[in-house]
Amino acid sequence: MKRHPTFDYQSCVSCGICAQACPVSALGMRKEGLSGKYRNVFPELVKPGCVGCGVCAGACPMGVIAMEEAQDDPG
């Protein structure tokens, strides 16, 4: 089964290190949300091509990225 990153947006500090570390440029800092009283951008998968390598999770200084098993799409 293929893995994919999931993000804990409550603890993310919007540093962008994960997106910079992605070897296939599958992550971008595009998901908008609020952190405290400030609007921030957060990481999200922005294009197909994530290979499930976990480099983003390893690079995250806050440890807020987990690699989870992707569910196979039956259709």
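Analysis parameters
- By convention here, each chain's residues receive numbers from 1 onward along its written sequence.
- Side-chain atom pairs in this predicted model are given and counted only at pLDDT of 80 or more, local residue features only at pLDDT of at least 70, and totals for whole chains, interfaces and linings cover all residues.
- Side-chain metrics rest on all non-hydrogen atoms present in the structure, leaving aside hydrogens and water.
- The helix count covers DSSP runs of H or I at least four residues long, the strand count covers runs of E at least two residues long, and both are numbered beginning at the N terminus.
- Buried means the residue's accessible area, taken with a 1.4 Å probe over protein chains only, is under 20% of the maximum for its type, while exposed means over 50%, and partly exposed covers the values in between.
- For this analysis, residues touch if any pair of their heavy atoms sits within 4.5 Å.
- Residue exposure ignores everything except the shown protein chains as possible cover, and the areas themselves are Shrake-Rupley values with a 1.4 Å probe.
- Pairing of aromatic side chains requires ring centres within 6.5 Å, counting the rings of Phe and Tyr and the six-membered ring of Trp. Pairs whose planes differ by under 30 degrees are stacked, by over 60 edge-to-face, and all others tilted.
- One confidence number per residue, pLDDT, is output by the predictor and ranges from 0 to 100.
- For our purposes a nonpolar core is just a set of buried Ala, Val, Leu, Ile, Met, Phe, Trp, Tyr and Cys residues, chained together by side-chain atoms within 4.5 Å.
- Two N or O atoms count as a polar contact when they lie within 3.5 Å, although within protein this holds only if one can serve as hydrogen donor and the other as acceptor, and sequence-adjacent residues are included solely when both atoms are side-chain atoms.

Further remarks concern the overall build of the protein chain. The number of helices and strands found in the protein chain is two helices and four strands. A burial count over the protein chain gives 28% of its 75 residues as buried. A sequence separation of at least 24 residues applies to 55% of the contacts in the protein chain between residues at least 6 apart. Of the roughly 4,900 Å² that the protein chain leaves accessible, carbon and sulfur atoms contribute 50%.

Under the criterion given, the structure shown has two aromatic pairs. A network of ring pairs unites the aromatic residues F7, Y9 and F42 as a single cluster.

Okay, the confidence of the model for the protein chain next. Detailed reading of the predicted coordinates is not advisable wherever pLDDT falls low. With 87% of its residues at a pLDDT of 70 or more, the protein chain shows a mean pLDDT of 86. Mean pLDDT across the elements of the protein chain bottoms out in strand β2 (residues 27–35) (81) and peaks in helix α2 (residues 55–59) (97).

Here we take up the environment of V51. As for its placement among the helices and strands, V51 is situated in the loop between β3 (38–45) and α2. Each C-alpha atom of the pair V51 and R3 lies 7.6 Å from the other, and the pair is 48 residues apart in sequence. Sequence-distant contacts of V51, defined by excluding residues within four places in its chain, comprise K2 and V24.

Membership of the largest hydrophobic core comes to 13 residues, with the highest contact counts inside it found for C18, L27, C56, V64 and I65. Among residues more than four places away in sequence, those in contact with L27 are P5, F7, C18, A19, C22, E44, L45, V46 and C56.

Here we take up the environment of S11. Mapped onto the elements of the fold, S11 is located in the loop between β1 (3–7) and α1 (17–21). On a C-alpha basis, the gap between S11 and G63 in space is 8.8 Å, while along the polypeptide they are 52 residues apart. Not counting the four nearest positions on each side in its chain, S11 is found in contact with M62 and V64. At a separation of 3.1 Å, a polar atom in the side chain of S11 contacts the side chain of D8.

Assignment of secondary structure puts C12 in the loop between β1 and α1. Placed 48 residues apart in sequence, C12 and C60 show a C-alpha to C-alpha distance of 9.1 Å.

This part covers unusual backbone geometry. What you tend to see is this: most non-glycine residues have negative phi, and most peptide bonds are trans. For S14, which is not glycine, the phi dihedral falls at a positive 60°. Among the structural elements, S14 can be located in the loop between β1 and α1.

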